[in-house]
Amino acid sequence: MSRLRRDPRSERSRHRVEGAARPRFDLAAAPSGLHGRARRDPRAEFRLAQVPGTARLRLDRTQRVAALDLAPAARAPEPQAGPRLVAIPEPAFLVAAVPDAPGGRLTPHDRQLLGAARLLADAGGGAVLVLAGAPADELARAGADRVLALPVTGYDPEARAMALQAVLAGLDIRHVLLPESPEGGDLARRLAALTGEPLFAGAESLTARAVTRPAAGRRTEQRMVPPRLLTLAADAAAAHAGTLHEALEVAFAFPPLPPGAILSADDVPADPSRVPLAEADFVVSAGNGITDFASFHDLVEALHATPGASRVVCDAGLMPRAAQVGASGTVLEARCYFALGIAGAPQHLQGVARCEHVVAVNTDLHAAMIERAGLAVVADAQKVMPALLSLLAEKAADAETHDAGAGESEAEAVDA
Amino acid sequence: MREPMNVAVLLSAGHHPVSGRACPVPVEMQAIGLGNALGAEMTGLHAGPASETIADALGHGLARLVHLKIGEADDPLASLIAALGTEKSALVLAGRVGQGGEDSGLLPYALARALGLPVVPDASALREGPEPSTLLVEQALPRGARRRLMVRLPALVTVHPAAPAPLPFAYAARRRGVVEERAGIASPRGERAIEERAYRPRPKLIAKSAAGASAAERLKAATEAASGGGRVLVDPPPEEAAREILAHLRDIGVLRG
Ligand SMILES: Cc1cc2nc3c(=O)[nH]c(=O)nc-3n(C[C@H](O)[C@H](O)[C@H](O)COP(=O)(O)OP(=O)(O)OC[C@H]3O[C@@H](n4cnc5c(N)ncnc54)[C@H](O)[C@@H]3O)c2cc1C
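Since we're looking at a predicted model, the values are computed, not measured. (Residues numbered from 1 in each chain as written. Chains lettered and ligands numbered in written order. Predicted model: local features only at pLDDT ≥ 70, side-chain atom pairs only at ≥ 80, totals over all residues. Heavy atoms only, no water.)

Undergrad: So what's going on with the site of the ligand? Which residues, and what values?
TA: Residues and elements named next belong to chain A. Near the ligand you find 25 residues, and of these Ser310, Ser328, His348, Asn362 and Asp380 are the closest. A distance of 2.8 Å separates an oxygen atom of the ligand from a polar atom in the backbone of Arg311. A distance of 2.8 Å is found between a nitrogen atom of the ligand and a backbone nitrogen or oxygen belonging to Ala381. Here the ligand has 980 Å² of accessible area as a free molecule, and 70% of this is covered by the chains. Contributions of two or more residues to the shell around the ligand are made by α9 (311-315), α10 (346-352) and α12 (381-402). (Near = heavy atom within 4 Å. Polar contact = N/O pair within 3.5 Å; in protein donor to acceptor, adjacent residues only side chain to side chain. Areas by Shrake-Rupley, 256 points an atom, 1.4 Å probe, with all protein chains shown as cover. Helix = DSSP H or I, 4+ residues; strand = E, 2+ residues; numbered from the N terminus.)

Undergrad: Before we move on, can you summarise the UniProt feature "domain: Electron transfer flavoprotein alpha/beta-subunit N-terminal" (unreviewed entry) in chain A with the specific residues and values?
TA: Under the UniProt annotation, "domain: Electron transfer flavoprotein alpha/beta-subunit N-terminal" (unreviewed entry) lies at residues 95-272 of chain A. From the first C-alpha to the last, residues 95-272 of chain A spans 39 Å; its make-up is 28% helix and 26% strand. (UniProt positions renumbered as here; feature names shortened; annotations may be inferred.)

Undergrad: Pulling in residues and values, what's your account of the sheet that holds strand β8 (residues 211-215) of chain A?
TA: Read from one edge to the other, the open sheet built from 4 strands follows the order β7(A)-β8(A)-β9(A)-β12(B), with strand pairing classed as antiparallel. Here the strands that pair on one side only, and so sit at the sheet edges, are β7 (205-206) of chain A together with β12 (195-198) of chain B. Two strands pair when backbone bridges link them, and β7(A) and β8(A) are joined in this way by 2 bridges, in the antiparallel orientation. Considered in β8(A), the bridge of Ser205(A) is made with Thr212(A). (Pairing = 2+ DSSP bridges.)

Undergrad: Explain the domain arrangement of chain A to me, using residue names and the numbers behind them.
TA: Entries for chain A in the domain assignment read domain 1 (12-66), domain 2 (87-213 + 222-249) and domain 3 (273-389). For domain 2 of chain A versus domain 3 of chain A, the distance between C-alpha centres works out to 37 Å. (Domains from an automatic or database assignment.)

Undergrad: I'd like a description of the nonpolar core, backed by residues and values.
TA: Within the largest apolar cluster, 39 residues are counted, with the highest numbers of intra-cluster contacts made by Phe296(A), Leu303(A), Phe338(A), Leu340(A), Ile245(B) and Leu249(B). Counting residues per element, the ones that place at least two in this core are β14 (282-286), α8 (293-302), α9, β16 (336-340), β17 (357-362), β18 (375-378) and α12 of chain A together with α6 (238-252) of chain B. Tallying contributions element by element places α12(A) first for this core, with 7 residues. Filtering out sequence-adjacent residues up to four positions away, Leu340(A) remains in contact with Val284(A), Ser285(A), Ala286(A), Gly287(A), Ile290(A), Phe296(A), Leu299(A), Val361(A), Ala381(A) and Met385(A). Counting residues in hydrophobic clusters, the runner-up holds 34 residues, among them Leu34(B), Ala55(B), Leu153(B) and Val159(B). (Core = buried A, V, L, I, M, F, W, Y, C linked by side-chain atoms within 4.5 Å. Buried < 20%, exposed > 50% of the residue type's maximum accessible area, 1.4 Å probe, protein only. Contact = heavy atoms within 4.5 Å.)

Undergrad: Talk me through unusual backbone geometry; I want residue IDs and the actual numbers.
TA: Trans is the common state for peptide bonds, and a negative phi is the common state for residues other than glycine. Pro154(B) follows Leu153(B) through a cis peptide bond whose omega is 0 degrees. Among the structural elements, Pro154(B) can be located in the loop between β9 (146-152) and β10 (155-159). In this structure, Asp235(A) takes a positive phi of about 60 degrees despite not being glycine. Structurally, Asp235(A) can be placed in the loop between β10 (229-232) and β11 (244-245). The backbone phi angle of His304(A) is positive, close to 55 degrees, even though this residue is not glycine. Positionally, His304(A) belongs in the loop between α8 and β15 (306-309).

Undergrad: Give me the lowdown on the pairing of strand β2 (residues 94-97) of chain A, citing residues and values where you can.
TA: All names here are of chain A. Burial of the side chains of β2 extends over both faces: Leu94 and Ala96 are buried on one face and Val95 and Ala97 on the other. One ladder, built from 4 bridges, connects β2 with strand β3 (residues 127-130); its direction is parallel. Bridging across to β3, Ala96 finds its partner in Leu129. Between β2 and its parallel partner β3, the chain crosses via helix α4 (residues 108-122), and the hand of that crossover is right-handed. Looking at chain direction, β2 and strand β5 (residues 173-179) are connected through 4 bridges and run parallel. Residue Leu94 lies in a different strand from β5, and its bridge partner there is Ile173. (Right-handed = clockwise from strand over helix to strand, strands pointing away.)

Undergrad: Please give an account of the environment of Ala94(B) that cites residues and values.
TA: Position of Ala94(B) relative to the elements: it lies in strand β6 (residues 91-95). In this structure, the C-alpha to C-alpha distance between Ala94(B) and Leu156(B), residues 62 residues apart in sequence, is 7.6 Å.

Undergrad: Residues and numbers for the interface of chain A and chain B, please.
TA: Across the boundary between the two partners, chain A contributes 84 residues, which contact 78 residues of chain B. Between chain A and chain B, the buried area comes to about 7100 Å², and carbon and sulfur atoms account for 57% of it. On the chain A side of the contact with chain B, Arg189(A), Glu221(A) and Leu375(A) bury the most area, a combined 9% of that side's loss. Our count for the contact surface shared by chain A and chain B stands at 2 salt bridges. Arg147(B) is paired through a salt bridge with Asp267(A); the nearest N and O atoms lie 3.0 Å apart. Counting across the chain A and chain B interface gives 25 residue pairs in polar contact (both at pLDDT 80 or more). By residue class, the composition of the side of chain A that touches chain B is 48 nonpolar, 13 polar and 23 charged. As paired strands, strand β9 (residues 220-224) of chain A and β12(B) are joined by 4 bridges and run antiparallel to one another. Residue pairing for β12(B): Arg223(A) is matched across the bridge by Glu195(B). (Buried area = accessible area lost by both parts, 1.4 Å probe. Salt bridge = Lys/Arg side-chain N within 4 Å of Asp/Glu carboxyl O. Nonpolar A, V, L, I, M, F, W, Y, C, P; charged D, E, K, R; others polar.)

Undergrad: Provide a residue-level description of the packing of aromatic side chains, including the pertinent values.
TA: Residue and element names in this part refer to chain A. The tally for this structure, following the rule as stated, stands at 2 aromatic pairs over all chains. Considering the side-chain rings of Phe252 and Phe254, the 5.0 Å spacing of their centres and the 70 degrees angle between planes classify their relative orientation as edge-to-face. Ring plane angle 75 degrees and centroid distance 6.1 Å describe the contact between Phe293 and Phe296, whose orientation is recorded as edge-to-face. Taken together, the residues Phe293 and Phe296, both in helix α8 and 3 residues apart, mark about one turn of the helix. Phe296 carries the same exposure label as Phe293, and that label is buried. One residue, Arg12, lies across the ring of Phe25, its end atom 4.3 Å from the ring centre. (Phe/Tyr/Trp six-rings, centres within 6.5 Å; stacked < 30°, edge-to-face > 60°. Lys NZ or Arg CZ within 6 Å of the ring centre and 35° of its normal.)

Spelled out as structure tokens, the structure:
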């Protein structure tokens, strides 16, 4: 190891006299703590950027590790306190947000809705009232001060709208925000028709003083002060972050709700092989590292997923063009993306940007896809696919013998 | 065989999203297709000023169109309520939002409220129900899922773009179709404190970390999920890899069973 590198600038800045308008240095005094910018050491950066374990020199210029190592050591570590809890005991008014919360979990759009509600509430000392059931800690993090679940089960949007109307009449609510999603948009319009209030649909920008929405086929923009009832387009407002809120349960006596005209409702899960790629929930995708396409197709079917591919594979004619994922193919909205033998070129990763979970199998530890993945397996995909298939077949056989008693559940097990 | 159902389709004066020229709204043409698939007696309903393109709907398989003439500044709601009151339709079909007007999608709901009809949104297929005056509606949900609903008629159903594609335009059908012109009810729209100006596209939200970072970091933020830093298994035996992957997929909840 060489001798420690001198840094004359920081040595000098350690003698700086605090509080003077012009920089003054008292070289006679004992040096104070570290000051100023850390000096760059290009050699150390180079050393840290080297990827170990390869015969050829390989540099990781993203400098994730290096940036950490070069940080001035003298800076005290920030105290790792949890987010601050903000309580609003006496709100001036309420801003109601009605998230979709499918299955009791907030979607990203729901979080943005709560962020927008926070913005309107914080502008005047109000509190955010969330009108849906979801885990309290999730709502607290998303910025909810009060929570009130609507007493409607199953699919009955008219009853939900009537429950909302009752809440609007009973509490001091200045704004009601709904997401401009299939379900939220429907509910907002029902509520507008019920109460006779104007609806500001699909707001694209929102501040406490003005909201805008597109009209006339995106030729004109309508703008006004935030009205009482508005729906928010996706990706238009930032989600709340930083502080925790109370998410206190509120008591409210709902009037009895009459039954609607919908006699029955059954959910039919999507058929993954027919779903367009852009709408698919779970995509299993093949790249240039896949040679065994028979196993790949079997795996896609066994996992009940929608098949995708990288551009190389589509160019080679091994998969249809409609299956291409990426900038020049389809941009996915999937919850989970399972990449087999895909390097993860930027053009490909753009198509996966909105996926919540990524699983990757690749032989190259340094592939960008491995870095992007929540679970990455460095292995040969041709060996992993048969192992997955046999494990899935085992599970299916298990489930079948387990449920052999009831005819109906057996049919389900074969389905699943 | 039952009596053919009486179905009204609401048609709006659409504008093409790119060229801005008047044209039919695709989802309303799909509504005509859904009504035809029911074997229904169909009537198109449009309330608005005179327009060339409204009659184009006849070319997509509609036999009869009632055009309620109102002024440019009039609200079509009152005319439509009056017309549907006399038509006695068992089913009213509409698109979800217009294309070129206010585009708020509120009209079907306000109409249904005034006529006391239930609204069923986002239909992608329609079938006659098992009992008389019921309707089976297949509702399109996000991510390709569907919901089967049984509804008591009369009802108002809005149509989703996932419905079957409309019949192609046929000029002969357009010539054959009948347009009935009636006077609508003049009801000027109330004033709203809305300022209108030319549309300005708003930037979509992108990852926060991108602000002020280098180009490489911005690309990373655009292509990377917020939750980085996953688990890496290096050279596991295939069986172990398979077990880990399936366990992970099950944790996420994408794997059923
Ligand atoms: C303008 C433009 C637009 C583009 N648009 C797109 C687009 O939309 N979508 C797209 O996908 N691409 C697109 N590309 C191409 C993109 O740049 C890449 O070339 C492409 O994505 C690479 O595909 P790949 O990862 O399958 O192949 P490769 O880059 O060849 O990677 C194969 C990977 O498989 C791994 N591998 C090899 N053997 C095995 C094995 N046995 N088991 C496991 N892993 C193995 C390798 O380690 C490697 O990481 C575009 C390019 C341009 C210039």
